[in-house]
Amino acid sequence: MSAAARAPRDGAAVRAPRATAPAEPPRTGAAAARPLRALPSRPVRAVPSRPVRSRSTGPVPELRLVTGATAGRARRTADGRRRAPFVLLVVGLLVATTLGLLVLNTAIAVNSLKATELRTANAEKAEDVQRLEEQVVAGGTPAQLAAAAVAAGLVPAGTAGHLVVAPDGSATLRGTPEPAPVPGAPEPGTGG
C-alpha cells in the first residue's frame, strides 16, 4: 500500500516515524561526557485526499452561493415573521390580564365602600332599636303611665260598677258607678 493510500481522507497531517541518527562508535573521554544532540524533525506533509464519490442514483441538487449578510437577514426576517403572532399573543394576554385585574380591584373597592356604609347604617339602626326598647321598658311602669295620662289631660276614674250576666241572659248590676271628676274642679270630700 502506498503512502498516499495510507493518508487519512480528511486532510489531517500524518506523523512520520522519528528519524534516528546513524549508529556511532562508542566514545571515550571528554566526548563521552557530552550528550548526543537529537536531529531536528520535520512534519510530514499530508497528501491531498481524493474527493469521495457517492454512488447515488438520483439527480444531483444544484447548489448556489448565498452571501452571509443576505442569508442572515433572510433568516432573521423569517424568524421574525414566525415569532410575531406569538409575541402579539403574549402581549395581548398580558394587557388583558392587567385590565382584568384593574376592573376586579375597582369592583372590590366599590363593594368594600358599600359594605362599610351598610355596616355604619346597621350600627345606627341597632342604637335606635335599643333606645326605643329602653323607652318602652321605662314607660311601662304604673307610675309612668299615670304621669303620662295626667300630662295628656286624663283624669282617674271613680269606682266602677259592672254587670254580671246570668246563664238565662239576665244581667245584674254590681257596685255603684260614680262619674269621673271634672278636670280643674275640686274633688268632693276634699273640702275645697
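Not measured: the values here are computed from a predicted model.

### Here we look at the overall build of the protein chain
A tally of helices and strands in the protein chain yields four helices and two strands. Along the protein chain, helices (α) and strands (β) appear in the sequence α-α-α-α-β-β when read from the amino end. Considering the protein chain as a whole, with its 192 residues, one finds that 1% of them fall into the buried category. When the accessible surface of the protein chain is summed, it comes to about 18,000 Å², and 62% of that surface belongs to carbon and sulfur atoms.

### Here we look at a nonpolar patch on the surface
Together, Phe86, Val87, Leu89, Val90, Val91, Leu93, Leu94, Val95, Leu99 and Leu102 give the surface a local cluster of nonpolar side chains, amounting to about 940 Å² of exposed area. With respect to the helices and strands, the residue valine 95 is situated in helix 3 (residues 68-139).

### Observations regarding the pairing of strand 2 (residues 171-174)
For strand 1 (residues 162-165) and strand 2, the ladder comprises four bridges, and the chain directions are antiparallel. Looking across to strand 2, one finds that valine 164 is bridged to threonine 172. Hairpin connection between strand 1 and strand 2: a loop of five residues separates the two successive antiparallel strands, and glycine 169 in this loop has a positive phi of roughly 100°.

### A word on the environment of glycine 175
Checked against the element boundaries, glycine 175 lands in the segment after strand 2. Look at glycine 175 and you get partly exposed, because its relative accessible area is 49%.

### With respect to helix 4 (residues 142-151)
Among the ten residues that make up helix 4, zero are buried, leaving the element largely open to the surroundings. Immediately beyond the C-terminal end of helix 4, within one or two residues, lies glycine 153, with a positive phi of roughly 95°.

### Remarks on the pattern of salt bridges
All told, the structure shown has one salt bridge when counted by the stated rule. Aspartate 128 serves as the salt-bridge partner of arginine 131, at 2.7 Å between the closest nitrogen and oxygen. Of this pair, arginine 131 and aspartate 128 both sit in helix 3, three residues apart, which is roughly one turn of that helix. Under the relative-accessibility criterion, arginine 131 is labelled partly exposed at 45%. Given the relative accessible area of 30%, aspartate 128 is considered partly exposed.

### Some details on the environment of leucine 173
Following the sequence through the fold, leucine 173 ends up in strand 2. As for leucine 173 and histidine 162, which are separated by eleven residues in sequence, their C-alpha atoms are 5.8 Å apart. If sequence neighbours within four positions are ignored, leucine 173 has contacts with Gly161, His162 and Leu163.

### Some thoughts on the confidence of the model for the protein chain
A residue-level look at the protein chain finds 60% of positions with pLDDT of 70 or above and a mean pLDDT of 76. No element of the protein chain has a lower mean pLDDT than helix 1 (residues 3-6), at 51, and none a higher one than strand 1, at 90.

What counts and what doesn't
Residues numbered from 1 in each chain as written. Predicted model: local features only at pLDDT ≥ 70, side-chain atom pairs only at ≥ 80, totals over all residues. Heavy atoms only, no water. Helix = DSSP H or I, 4+ residues; strand = E, 2+ residues; numbered from the N terminus. Buried < 20%, exposed > 50% of the residue type's maximum accessible area, 1.4 Å probe, protein only. Areas by Shrake-Rupley, 256 points an atom, 1.4 Å probe, with all protein chains shown as cover. Patch = residues over 30% accessible without salt bridge, like charges linked within 9 Å, V, L, I, M, F, W, Y side chains within 5 Å. Salt bridge = Lys/Arg side-chain N within 4 Å of Asp/Glu carboxyl O. Pairing = 2+ DSSP bridges. Contact = heavy atoms within 4.5 Å. pLDDT = per-residue confidence, 0-100.

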